[in-house]
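In case you want the letters, here they are:
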Amino acid sequence: MQIFIDTADIEEIRDAAAMGVIDGVTTNPSLVAKTGRPFQEVLVDICEVVDGPISAEVVATDYEGMVKEARVLAKMHENIVVKIPLIPEGLKAVRTLTDEGIRTNVTLCFSPTQGLLAAKAGATYISPFIGRIDDIAGNGMELVEQLVTIYQNYGLTTQVLAASIRHPVHAVQASLIGADVATIPHKVILQLLKHPLTDIGLERFLADAKKIPAG
Ligand code: E4P
């Protein structure tokens, strides 16, 4: 499973990239707004740090507007993948962009039928929002499983990008199901790494190292 980092914070991206654990980045307007910086400036910085797919979302909701924004974003850097919302106009935009060779990440997926149609339209990635489904007492992971199965059944090449991941169990389950990618916030990436026995073990080794006589 590939791991993308789900943030627009360049320091978080630098930190995860330095550990060598991320294959790409996803952003959305809420994440970019949190940085307090202009959208394109943020994207330029991210493209300098990570050599992998970088999702950048359009804000238009009509076909013409989405295609126009997408073309501008795609021209900025070869690694930009354009995020398009899962609405009828969005799927029309995905079809056009796919035909032009522009990669898309179809976002805000909450049902298998939406995911099937996004794949038919030619989406490069589909983003099921696990955490937001769990938030309303649904089962977000079941959607990931359904999408993986549907795409496998029919040889659809759209990649399942597990999104809205809130904790390590989401990441483990997504990888067991066979999601192609999981996009994970910086805080959760660090949680994936954390183990109390590692910390206790290291503390003991360092304490014992001090008892070793100098040679
Ligand atoms: C994915 O691309 C989205 O940016 C993100 O995963 C949404 O996560 P949230 O539901 O925690 O906001």
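Now for a look at the structure at hand. (Residues numbered from 1 in each chain as written. Predicted model: local features only at pLDDT ≥ 70, side-chain atom pairs only at ≥ 80, totals over all residues. Heavy atoms only, no water.)

**Remarks on the pattern of salt bridges**
For step 1, the next point in the chain: One pass over the structure, following the stated rule, counts ten salt bridges.
For step 2, the next point in the chain: A salt bridge links Arg14 to Glu11; the nearest nitrogen and oxygen atoms lie 2.9 Å apart. In this pair, Arg14 and Glu11 both sit in helix H1 (residues 10-18), three residues apart, roughly one turn of the helix.
For step 3, the next point in the chain: Taking relative accessible area as the criterion, Arg14 reaches 39% and is therefore assigned partly exposed.
For step 4, the next point in the chain: Where Asp199 meets Lys194, a salt bridge forms, and the shortest distance between an N and an O atom there is 2.7 Å. (Salt bridge = Lys/Arg side-chain N within 4 Å of Asp/Glu carboxyl O. Helix = DSSP H or I, 4+ residues; strand = E, 2+ residues; numbered from the N terminus. Buried < 20%, exposed > 50% of the residue type's maximum accessible area, 1.4 Å probe, protein only.)

**Remarks on the pairing of strand E8 (residues 181-184)**
For step 1, the next point in the chain: Side chains of E8 alternate between two faces, with Val181 and Thr183 and Ala182 and Ile184 buried alike.
For step 2, the next point in the chain: In this structure, strand E1 (residues 2-6) lies alongside E8, joined through four bridges in parallel fashion. Opposite Ile3, over in E8, you have Ala182 as the bridge partner.
For step 3, the next point in the chain: As judged from the two bridges shared by strand E7 (residues 159-162) and E8, these two strands associate in the parallel manner. Note that in E8 the partner of Leu161 across the bridge is Val181.
For step 4, the next point in the chain: In the classification by handedness, the crossover that spans E7, the intervening helix H9 (residues 168-177) and the parallel E8 is right-handed. (Pairing = 2+ DSSP bridges. Right-handed = clockwise from strand over helix to strand, strands pointing away.)

**With respect to the site of the ligand**
For step 1, the next point in the chain: Neighbouring the ligand are the residues Asp6, Thr26, Asn28, Lys83, Phe129, Arg132, Ala163, Ser164 and Arg166.
For step 2, the next point in the chain: One of the side-chain N or O atoms of Asp6 is found 2.7 Å from an oxygen atom in the ligand.
For step 3, the next point in the chain: Protein contact buries 85% of the 340 Å² of open area that the ligand shows by itself. (Near = heavy atom within 4 Å. Polar contact = N/O pair within 3.5 Å; in protein donor to acceptor, adjacent residues only side chain to side chain. Areas by Shrake-Rupley, 256 points an atom, 1.4 Å probe, with all protein chains shown as cover.)

**Considerations on the sheet that holds strand E3 (residues 54-57)**
For step 1, the next point in the chain: Read around the barrel, eight strands follow the order E1-E2-E3-E4-E5-E6-E7-E8 and close on themselves; strand pairing throughout is parallel. The average angle at which neighbouring strand axes cross in this sheet is 30°, direction not considered.
For step 2, the next point in the chain: Pairing of E1 with strand E2 (residues 24-26), which is carried by three bridges, proceeds in the parallel orientation. Each bridged residue has a counterpart across the sheet, and for Ile5 the counterpart in E2 is Val25.
For step 3, the next point in the chain: Lying on the sheet, helix H3 (residues 39-49) is in contact with E2, E3 and strand E4 (80-85); it crosses E3 at an angle near 175°. (Axes fitted to C-alpha atoms, helices over the stretch in contact; angles between N-to-C directions. Contact = heavy atoms within 4.5 Å.)

**A closer look at the environment of Lys75**
For step 1, the next point in the chain: Examined against the element boundaries, Lys75 turns out to sit in helix H4 (residues 63-76).
For step 2, the next point in the chain: For Lys75, a relative accessible area of 76% corresponds to the exposed category.
For step 3, the next point in the chain: The sequence separation of Lys75 and Ala182 amounts to 107 residues, and the corresponding C-alpha distance is 25 Å.

**With respect to the side chain of Ser164**
For step 1, the next point in the chain: Here Ser164 is to be found in the loop between E7 and H9.
For step 2, the next point in the chain: For Ser164, a relative accessible area of 10% translates into the label buried.
For step 3, the next point in the chain: Polar contacts involving the side chain of Ser164 include one to the main-chain amide nitrogen of Arg132, which spans 3.2 Å.
For step 4, the next point in the chain: Within the local environment of Ser164, its side chain forms a polar contact with the side chain of Arg166, the two groups lying 3.3 Å apart.
For step 5, the next point in the chain: Setting aside residues up to four positions removed in sequence, Ser164 forms contacts with Phe129, Ile130, Gly131, Arg132 and His170.

**Some words on a nonpolar patch on the surface**
For step 1, the next point in the chain: A cluster of nonpolar side chains, contributed by Met19, Val21, Leu190 and Leu193, occupies part of the molecular surface with about 330 Å² of accessible area.
For step 2, the next point in the chain: With respect to the secondary-structure elements, Leu193 resides in helix H10 (residues 186-193).
For step 3, the next point in the chain: For Leu193, a relative accessible area of 58% puts it in the exposed group. (Patch = residues over 30% accessible without salt bridge, like charges linked within 9 Å, V, L, I, M, F, W, Y side chains within 5 Å.)

**Side note on the packing of H4 against helix H5 (residues 88-99)**
For step 1, the next point in the chain: Where H4 meets H5, the axes come as close as 9 Å, and the angle between the chain directions of the two elements is 40°. Of the possible angle classes, the one that applies to H4 and H5 is oblique. Judged by the twist between their axes, the crossing of H4 over H5 is right-handed. Where H4 approaches H5, its residues Tyr63, Met66, Val67, Ala70 and Arg71 are matched on the opposing element by Glu89, Gly90, Lys92, Ala93, Thr96 and Leu97. (Parallel < 35°, antiparallel > 145°, perpendicular 65-115°, else oblique. Left-handed = near helix turned anticlockwise from the far one by under 90°.)

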